Amino acid sequence: MSSPKQAVKEILEALPTLLAVAVVETETGMPLAAHSNIADFDIDTAAAYNTEVVKQKLKAIQALKLNQTVQDILLTLTDQLHVIKLSPTGDKFIYLAVNSRDTNLAVARQILKSQTAVLA
């Protein structure tokens, strides 16, 4: 199993041009570990709002009576991609923000998948 700090370190090594990354506790919205390459990127605010995105999507799935689980959530901005990848148990998620021109989305998703799979 990997700690949140170790997961952030390994994601940063694999995606050194990322804008921000955080391992977030789904229940509270608190980042357990985080890193930003942008000085004014407020990771705590990003974690809190993305927790609400996750919770609302889970509620929508339940309300629609879908027998599905969330794999990841992708938000496409003007020149950024924000990916939210839930852990297998759903108690944590990794939030990743990258510049869309610098990052291959498929590679980023694979890196997040490998890290959430071993997240303690």
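Structure's up top.
A short tour of the structure in this document, coming up. (Residues numbered from 1 in each chain as written. Predicted model: local features only at pLDDT ≥ 70, side-chain atom pairs only at ≥ 80, totals over all residues. Heavy atoms only, no water.)

**Details of the overall build of the protein chain**
Looking only at helices and strands, the protein chain features 3 helices and 5 strands. Reading the protein chain from its N end, one meets helices and strands in the order α-β-β-α-β-β-β-α. In terms of C-alpha radius of gyration, the protein chain reaches 13 Å, essentially the compact-globule figure of 14 Å for 120 residues. The principal-axis extents of the C-alpha atoms in the protein chain amount to approximately 40 × 35 × 25 Å. (Helix = DSSP H or I, 4+ residues; strand = E, 2+ residues; numbered from the N terminus. Rg over C-alpha atoms; globule rule 2.2 N^0.38 Å.)

**So, the environment of Glu25**
On the secondary structure map, Glu25 appears in strand S1 (residues 20–25). Glu25 gets classed as partly exposed once you look at its relative accessible area, which sits at 30%. Setting aside its immediate chain neighbours within four residues, Glu25 contacts Met30, Leu32, Thr51 and Asp91. Here the side chain of Glu25 touches Thr28 through a polar contact of 2.6 Å, side chain to side chain. (Buried < 20%, exposed > 50% of the residue type's maximum accessible area, 1.4 Å probe, protein only. Contact = heavy atoms within 4.5 Å. Polar contact = N/O pair within 3.5 Å; in protein donor to acceptor, adjacent residues only side chain to side chain.)

**Some points on the pairing of strand S2 (residues 31–36)**
Sheet topology places S1 next to S2; 5 bridges connect them, and they run antiparallel. Paired with Val21 across the two strands is His35, which belongs to S2. Turn length for the S1-S2 hairpin, with the two strands adjacent in sequence and antiparallel, is 5 residues, and the turn residue Gly29 shows positive phi of about 80 degrees. (Pairing = 2+ DSSP bridges.)

**What to know about unusual backbone geometry**
Positioned with a positive phi, Lys65 is a non-glycine residue whose angle comes to about 55 degrees. Looking at the element boundaries, Lys65 is found in the loop between helix H2 (43–63) and strand S3 (72–76). Accessibility expressed as a relative area gives 74% for Lys65, which makes it exposed.

**So, the sheet that holds S3**
Here 5 strands make up an open sheet; going across it, the order is S2-S1-S5-S4-S3 and the pairing antiparallel. Whereas interior strands pair on both sides, the edge strands pair on one side only; in this sheet they are S2 and S3. Looking at each pair of strands side by side, their axes are set apart by 10 degrees on average, direction ignored. Bridge analysis of strand S4 (residues 80–86) against strand S5 (residues 92–99) gives 7 bridges, and the strand direction is antiparallel. Considered in S5, the bridge of Val83 is made with Leu96. Set on the sheet, helix H3 (residues 105–117) makes contact with S3, S4 and S5; between it and S4 the angle comes to about 25 degrees. (Axes fitted to C-alpha atoms, helices over the stretch in contact; angles between N-to-C directions.)

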